[in-house]
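Each chain, written out:
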Amino acid sequence: MLEMHGISKIYRVDLIETHALRDFSLTVGDGEFVAVTGPSGSGKTTFMNVAGLLETFDTGTYKLDGENVSRLSDEARSKLRNEKIGFIFQSFNLIPDLDIFDNVDVPLRYRSLAKKDREQRIKSALEVVGLSSRMHHMPSQLSGGQQQRAAIARALAGDPRFLLADEPTGNVDSLMARQVMDLLEQINEMGTTIIMVTHDPELARRAHRNVHIVDGQISDFKPYETRENSLMKPAPAAVAAMSPA
Amino acid sequence: MFSYYLQLAFRNLRRNPGLTALMIGAVALGIAVCVMTLTMYRAISGNPIWWKNDVLYAVTMDFWDPQQPNNEDKPELPPEQLTYRDAMAVYRSDIPKHKVIMHKAVGILSVDGQQVKPERTATRVTTKDFFAIFDVPFQYGGTWTDAADFGPEPVMVISRGMNEKLFGGVNSVGRRVRWNDHEFRVVGVRDNWMPLPAFYDVNNGSLEEPEDAYIPFGWNAALEIYSAGNTNGWKPEDIKTFQDFLNSEDVWIQMWVELPDAAAHDRFKAFLDNYATQQKQGGRHSRPINNRLTKPDQWLVDNGVVGNDDRVLVGLAFAFLAVCLLNTVGLLLAKFLNNAPITGVRRALGASRRQIFMQHLVEVGVISSIGALLGLALGGLLLTGLRALYTVDPTDAGGAQALAHVDVTSVVTALGLAFFATIAAGLYPAWRIGRIPPASYLKAQ
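Residues numbered from 1 in each chain as written. Chains lettered and ligands numbered in written order. Predicted model: local features only at pLDDT ≥ 70, side-chain atom pairs only at ≥ 80, totals over all residues.

**Brief notes about the overall build of chain A**
The helix and strand inventory of chain A stands at eight helices and 10 strands. Counting over 245 residues, chain A shows a buried share of 47%. Look at the contacts in chain A between residues 6 or more apart in sequence, and 69% of them connect residues 24 or more apart. (Helix = DSSP H or I, 4+ residues; strand = E, 2+ residues; numbered from the N terminus. Buried ≥ 20, exposed ≤ 12 C-beta atoms within 10 Å, placed from the backbone. Contact = placed C-beta atoms within 7 Å.)

Right, here's the structure in full:
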């Protein structure tokens with residue numbers, strides 16, 4: 001599903017260079033649920049942005065669903081992002097002046113789908129997250145947990161091959177966090193690959209695999225025992241994390 | 001997608017009503033000033049008798065000072081008026097289809113037994129073809145006869161506005177009026193007519209209104225009527241009587257002819273040259289023969305009717321529009337950057353740079369359209385204010401009223417101007433917002 005080899009990303013501000021990712025290599029198989037952990041500033045978000053085609057990288061190769069995305073145009077990257085990737089953000093990132101229905105509609109709008117098709121997808125996505133009755137509410141009228149579920153519905157509506165979740169439970173209480181996590185597990189069980197950045201050890205443990213990033217590189221250190229480790233359950237696909245040389 | 005962009009545009013405009021109002025206001029103000037200035041410029045720079053441009057000619061002859069030209073800036077041009085005796089001599093030609101010699105005068109107009117106060121009235125002392133040659137419309141009656149021109153007969157044409165004042169607007173043909181205490185009979189009432197600029201007599205300002213009274217040319221000698229426009233001379237002459245004035249080298253008569261084809265033009269030009277040559281041979285002047293038949297459009301240029309000041313004014317109006325648009329660029333940038341987090345979300349969800357650019361361009365289009373409509377309305381108000389500055393007879397169509405009238409060309413120009421100018425102004429902000437890396441806003445949202 002996702003293959004990164006020797007990726008490096010350097011931010012330059014005046015004469016200062018910050019190596020956000022150094023010779024970063026990772027393979028995530030179809031249907032995997034990978035938790036990405038690491039201290040602040042370790043490069044987790046940069047990894048997510050590169051993986052989500054929101055940022056380019058300086059060196060290395062990146063194949064998404066078999067397609068080399070290293071030299072794609074913005075148009076092609078956007079299309080790929082729209083059709084294959086779903087995003088879930090810590091702060092939900094719902095558009096405040098659109099109701100939930102229209103928020104879920106946003107990615108579908110960029111896919112030139114017929115109105116009927118869009119409506120069907122939106123309703124079904126909202127049903128999955130249990131927000132059918134709130135589709136015409138504004139984001140401000142929903143609780144944090146509901147907003148995150150709406151954001152998940154938005155990510156699901158496009159039927160993506162994989163979800164990128166950046167601290168998806170960071171802004172909700174623990175009860176809601178568990179509900180969001182249950183939802184992500186359900187989605188994963190339906191076959192969607194999930195990569196989730198988290199600081200929460202409990203959530204990290206619920207993933208199949210944990211990738212720990214330190215200083216822009218994958219560390220051998222496994223701070224959390226994952227579902228796979230604890231239950232000795234095999235991962236659905238390739239799970240080998242390639243650490244940098 | 002366009003309808004979606006349109007929905008988003010209106011939603012975004014509502015999101016920042018203050019900023020939106022500022023942008024629309026800036027565009028509208030710039031457009032309004034441009035519309036007003038362009039309308040004024042069109043009014044004073046257009047050829048108001050374009051349909052006769054190929055057959056109508058101003059007649060000028062150069063019998064000026066042999067030592068220096070009439071106009072140092074344009075030494076090739078003869079004086080724009082003729083002497084009385086040259087005008088009378090050339091008028092005798094039967095080559096033109098229509099011909100007119102004329103000048104402006106002022107007289108006191110009154111009607112016996114009417115309550116209306118005697119009024120100082122701009123009057124054109126002219127031969128009868130004035131109305132035919134310039135396509136002047138009549139409400140009632142018509143012009144006088146050939147015989148009346150030099151009889152002269154006490155006949156008069158008055159304007160529609162004057163007819164309203166003196167006779168309440170009824171058909172006054174046959175009624176009597178007094179002009180400088182001489183009785184005249186009304187033979188015609190001129191309908192609304194005000195060519196802008198006043199091309200037929202460039203001595204009195206391009207926004208000058210047409211006269212309210214017209215009397216036969218022969219009355220200038222009979223009543224010793226001096227010109228109310230410019231009278232220019234170069235030769236020291238001992239002028240003691242009006243007859244001396246008529247025989248002098250002073251120029252004060254305007255002449256126009258209508259020559260229907262090239263043959264008539266060439267014949268009349270030859271006639272003028274013969275006349276000038278005879279005068280030269282007779283020892284009257286020693287300047288090179290320089291007779292001109294000038295079409296109205298060239299006449300306006302030669303006489304500087306559209307002055308540099310007017311062009312500068314148009315330039316300033318466009319500079320003002322540019323300042324307004326620059327402000328709009330700043331406001332658009334601020335507005336778009338303010339919404340950058342949302343744009344970041346849209347980018348993350350699959351919007352390409354092109355789609356973001358188009359979305360914002362549609363928003364700019366909406367702002368420009370509203371700004372243009374508002375600017376048009378504001379421009380109309382400003383022009384109405386201008387009309388108030390030029391106090392004219394309200395029944396006189398055209399003229400200052402034309403200043404207050406935003407015609408189709410002005411509307412199309414304004415809309416085109418607003419649309420393309422604002423779109424141009426919005427190109428950079430729309431492009432800029434599409435270039436912002438979406439990731440930088442996703443965490444911060």
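**A word on the overall build of chain B**
Summing up its helical and strand segments, chain B has 16 helices and 11 strands in all. By residue count, 43% of the 445 residues in chain B fall in the buried class. In chain B, the share of contacts with a sequence separation of at least 24, taken over all contacts with a separation of at least 6, comes to 77%.

**Focus on the confidence of the model for chain B**
Low-confidence regions, as indicated by low pLDDT, have predicted coordinates that should not be scrutinised in detail. Residue and element names in this part refer to chain B. Mean pLDDT over chain B stands at 86; residues scoring 70 or higher make up 92%. Throughout residues 391–401 the model reports pLDDT below 50, and contacts reaching past four residues in sequence, or to other chains, amount to 26 contacts. Interface scoring of the predicted complex returns ipTM 0.85; its pTM is 0.66. (pLDDT = per-residue confidence, 0-100.)

**Focus on the environment of B:Met1**
Note that B:Met1 resides in the segment before helix H1 (2–15). As a C-alpha pair, B:Met1 and B:Gln359 span 358 residues in sequence and 8.8 Å in three-dimensional space.

**Details of the sheet that holds strand E5 (residues 67–68) of chain A**
Residues and elements named next belong to chain A. In spatial order, the strands read E2-E1-E4-E5; together these four strands make up an open sheet with antiparallel pairing. Where the open sheet ends on each side, the last strands, each with one partner, are strand E2 (16–28) and E5. Direction of pairing for strand E1 (residues 2–13) relative to strand E4 (residues 59–64): antiparallel, over a ladder of five bridges. Note on E4: the bridge partner recorded for His5 is Thr61. Running over the sheet, helix H1 (residues 44–51) touches E1, E2 and E4 and is turned about 60 degrees from E2. (Pairing = 2+ DSSP bridges. Axes fitted to C-alpha atoms, helices over the stretch in contact; angles between N-to-C directions.)

**With respect to the interface of chain A and chain B**
The extent of an interface is frequently quoted as the accessible surface area lost upon association of the parts. Residue-level contacts link 20 residues of chain A with 20 residues of chain B. Only H1, helix H2 (74–84) and helix H3 (100–109) of chain A provide two or more residues apiece to the side of chain A that touches chain B. Here the element with the most residues in the side of chain A that touches chain B is H2(A); it accounts for five residues. Class assignment of the residues belonging to the side of chain A that touches chain B gives a composition of seven nonpolar, seven polar and six charged. (Nonpolar A, V, L, I, M, F, W, Y, C, P; charged D, E, K, R; others polar.)

**Topic: the packing of H3(A) against helix H4 (residues 115–128) of chain A**
Residue and element names in this part refer to chain A. Running from N to C, H3 and H4 point in directions that differ by 120 degrees, and their axes come no closer than 10 Å. Judged on the interaxial angle alone, H4 and H3 are oblique. Remark: the crossing between H3 and H4 carries right-handed chirality. Facing Phe101, Val104, Asp105 and Leu108 of H3, the residues of H4 in contact are Arg118, Arg121, Ile122, Ala125 and Leu126. (Parallel < 35°, antiparallel > 145°, perpendicular 65-115°, else oblique. Left-handed = near helix turned anticlockwise from the far one by under 90°.)

**Considerations on the pairing of E2(A)**
All names here are of chain A. In this structure, E1 lies alongside E2, joined through nine bridges in antiparallel fashion. Considered in E2, the bridge of Val13 is made with Ile16. Taking the residues that link successive antiparallel strands as the turn, the E1-E2 hairpin has two residues, and the phi of Asp14 there is positive, at about 55 degrees.

**So, the environment of A:Arg71**
Residue and element names in this part refer to chain A. By the element assignment, Arg71 lies in the loop between E5 and H2. C-beta crowding within 10 Å serves as the criterion here: with 8 such atoms nearby, Arg71 is assigned to the exposed category. For Arg71 and Thr56, which are 15 residues apart along the polypeptide, the C-alpha to C-alpha distance reads 9.2 Å.

**Digging into the sheet that holds strand E6 (residues 85–88) of chain A**
All names here are of chain A. Pairing within the open sheet is mixed, and its six strands lie in the order E6-E7-E8-E3-E9-E10. In the strand order of this sheet, the two ends are held by E6 and strand E10 (217–219), each with one partner. Sheet twist, expressed as the mean angle between neighbouring strand axes with direction ignored, is 25 degrees. With four bridges connecting them, E6 and strand E7 (residues 162–166) associate as parallel partners. Following the sheet pairing, Phe87 is matched in E7 by Leu164. Across the sheet, helix H6 (residues 174–189) touches strand E3 (33–37), E7 and strand E8 (193–197), and the angle it forms with E8 is around 150 degrees.

**Details of the nonpolar core**
By size, the foremost hydrophobic cluster in this structure holds 110 residues, and its most contacted members are A:Val36, A:Ala153, A:Ile194, A:Ile195, A:Met196 and B:Ile31. Residue contributions to this core peak at 14 residues, all from helix H2 (residues 17–45) of chain B. Ignoring anything within four residues of it in the chain, the contact list for A:Ile195 reads A:Val28, A:Val34, A:Val36, A:Ala51, A:Phe162 and A:Leu164. Within the second largest apolar cluster, 60 residues are counted, among which are B:Trp64, B:Val100, B:Val125 and B:Trp219. (Core = buried A, V, L, I, M, F, W, Y, C linked by C-beta atoms within 7 Å.)

**Examining unusual backbone geometry**
Comment: phi is negative for the bulk of residues other than glycine, and the bulk of peptide bonds are trans. Residue and element names in this part refer to chain B. With an omega of -20 degrees, the peptide bond running from Gly151 to Pro152 counts as cis. Counting through the fold element by element, Pro152 comes out in the loop between helix H5 (146–150) and strand E6 (155–159). At Asp181, a residue that is not glycine, the phi angle is positive and equals roughly 70 degrees. Position of Asp181 among the secondary structure elements: in the loop between strand E7 (176–179) and strand E8 (182–190). Its 10 C-beta neighbours within 10 Å are what place Asp181 among the exposed residues.

**Looking at helix H5 (residues 144–157) of chain A**
Residue and element names in this part refer to chain A. Taking 1.5 Å of rise per residue, the 14 residues of H5 would be expected to cover 20 Å, and the 20 Å separating its terminal C-alpha atoms lies within 8% of that figure. Counting buried positions along H5 gives 12 out of 14 residues, so the element sits mostly inside the fold. Listing the buried residues of H5 in full gives Gln146, Gln147, Gln148, Arg149, Ala150, Ala151, Ile152, Ala153, Arg154, Ala155, Leu156 and Ala157. Contacts made by the buried residues of H5 are with E6, H3, H4, E7 and H6. Once H5 finishes, Asp159 follows within two positions and takes phi at roughly 55 degrees, a positive value. (Expected span 1.5 Å × (residues − 1).)

**A look at the pairing of strand E4 (residues 119–126) of chain B**
The sheet contact formed by strand E3 (residues 98–110) of chain B and E4(B) spans eight bridges and is antiparallel. Paired with B:Met102 across the two strands is B:Thr126, which belongs to E4(B).

**Concerning H4(A)**
Residue and element names in this part refer to chain A. Compared with the 20 Å implied by 1.5 Å per residue over 14 residues, the 20 Å span of H4 between its first and last C-alpha is a close match. Inspection of H4 places Arg121, Ile122, Ala125 and Leu126 among the buried residues, and these make up the whole buried set. Each buried residue of H4 lies within a common arc of 125 degrees when the element is viewed along its axis, so the set occupies one face. For H4, the exposed residues lying more than 90 degrees away from the buried face are Lys116 and Asp117. (Arc of directions from axis to C-beta.)

**Examining the packing of H4(A) against H5(A)**
Residues and elements named next belong to chain A. Put simply, H4 and H5 touch, their axes get as near as 8 Å, and they point 135 degrees apart. Relative to H5, H4 is oriented oblique. Here the hand of the crossing between H4 and H5 comes out right-handed. Contacts between H4 and H5 pair Arg121, Ile122, Ala125, Leu126 and Val128 from the former with Ala153, Leu156 and Ala157 from the latter. In terms of residue class, the contact of H4 with H5 is made up of seven nonpolar, no polar and one charged.

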